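Chains, contacts and geometry: an overview
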Amino acid sequence: SVVSSALLFFSLRRINQYENLITQFQQIITFSTEKMKQVDYQGHYESDDEVGFFFQQLKDLQLLLNDIFEEEKIDAEK
């Protein structure tokens, strides 16, 4: 029982570390997407073939990361 509890504790701690890493990565991608949109406010780069590919990959990566975690909604009444 003690060994199982210790293994569970260390496993949960490791999972939390990975979750924090993925969350930080998601924040970096969001920041990068926003900055790229500011640079390309007229849409010239996004419509270009080579640079547009990079824009599209960033969007796809952002959608993938958004689907990993469920967002918690906290009621203000609680």
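1. Some remarks on helix α3 (residues 49-68)
- Between its first and last C-alpha, α3 extends 29 Å over 20 residues, near the 28 Å set by a 1.5 Å rise per residue.
- Where α3 is concerned, the buried positions are G52, F55, L58, Q62 and L65. Relative to the axis of α3, the buried residues are bounded by an arc of 150 degrees and lie together on one face. Summarising the geometry of α3, the exposed residues directed more than 90 degrees from the buried face are D49, E50, F53, L63, L64 and D67.

2. Details of the packing of aromatic side chains
- Throughout the structure, instances matching the rule amount to one aromatic pair.
- Look at F9 and F10: their rings are 5.3 Å apart centre to centre, the planes differ by 65 degrees, and that puts the pair in the edge-to-face class.
- Here F9 falls in the partly exposed class, since its relative accessible area comes to 49%.

3. Overview of the confidence of the model for the protein
- The pLDDT averaged across the protein works out to 79; a share of 85% of its residues lies at or above 70.
- Confidence, read as mean pLDDT per element, is least for helix α2 (residues 44-47) in the protein (69) and greatest for helix α1 (residues 2-39) (88).

4. Brief notes about the packing of α1 against α3
- Where α1 meets α3, the axes come as close as 10 Å, and the angle between the chain directions of the two elements is 145 degrees. Helix-helix and strand crossings are classified by hand; for α1 and α3 the assignment is left-handed. Where α1 abuts α3, its residues I22, F25, Q26, I29, T30, T33, M36 and K37 lie against F54, F55, L58, K59, L61, Q62, L65, N66 and I68.
- For the contact of α1 with α3, the residue count by class is ten nonpolar, five polar and two charged.

5. Considerations on the environment of I68
- Within the fold, I68 resides in helix α3.
- Placed 46 residues apart in sequence, I68 and I22 show a C-alpha to C-alpha distance of 9.1 Å.

6. Considerations on the nonpolar core
- Core analysis: the largest hydrophobic core is formed by five residues, namely I29, M36, F55, L58 and L65.
- For this core, the secondary-structure elements that each account for two or more residues are α1 and α3.
- No other element matches the three residues that α3 contributes to this core.
- Apart from the residues within four sequence positions on either side, L58 is in contact with I29, T33 and M36.

The rules behind the values
- Residues numbered from 1 in each chain as written.
- Predicted model: local features only at pLDDT ≥ 70, side-chain atom pairs only at ≥ 80, totals over all residues.
- Heavy atoms only, no water.
- Helix = DSSP H or I, 4+ residues; strand = E, 2+ residues; numbered from the N terminus.
- Expected span 1.5 Å × (residues − 1).
- Buried < 20%, exposed > 50% of the residue type's maximum accessible area, 1.4 Å probe, protein only.
- Arc of directions from axis to C-beta.
- Phe/Tyr/Trp six-rings, centres within 6.5 Å; stacked < 30°, edge-to-face > 60°.
- pLDDT = per-residue confidence, 0-100.
- Axes fitted to C-alpha atoms, helices over the stretch in contact; angles between N-to-C directions.
- Left-handed = near helix turned anticlockwise from the far one by under 90°.
- Contact = heavy atoms within 4.5 Å.
- Nonpolar A, V, L, I, M, F, W, Y, C, P; charged D, E, K, R; others polar.
- Core = buried A, V, L, I, M, F, W, Y, C linked by side-chain atoms within 4.5 Å.

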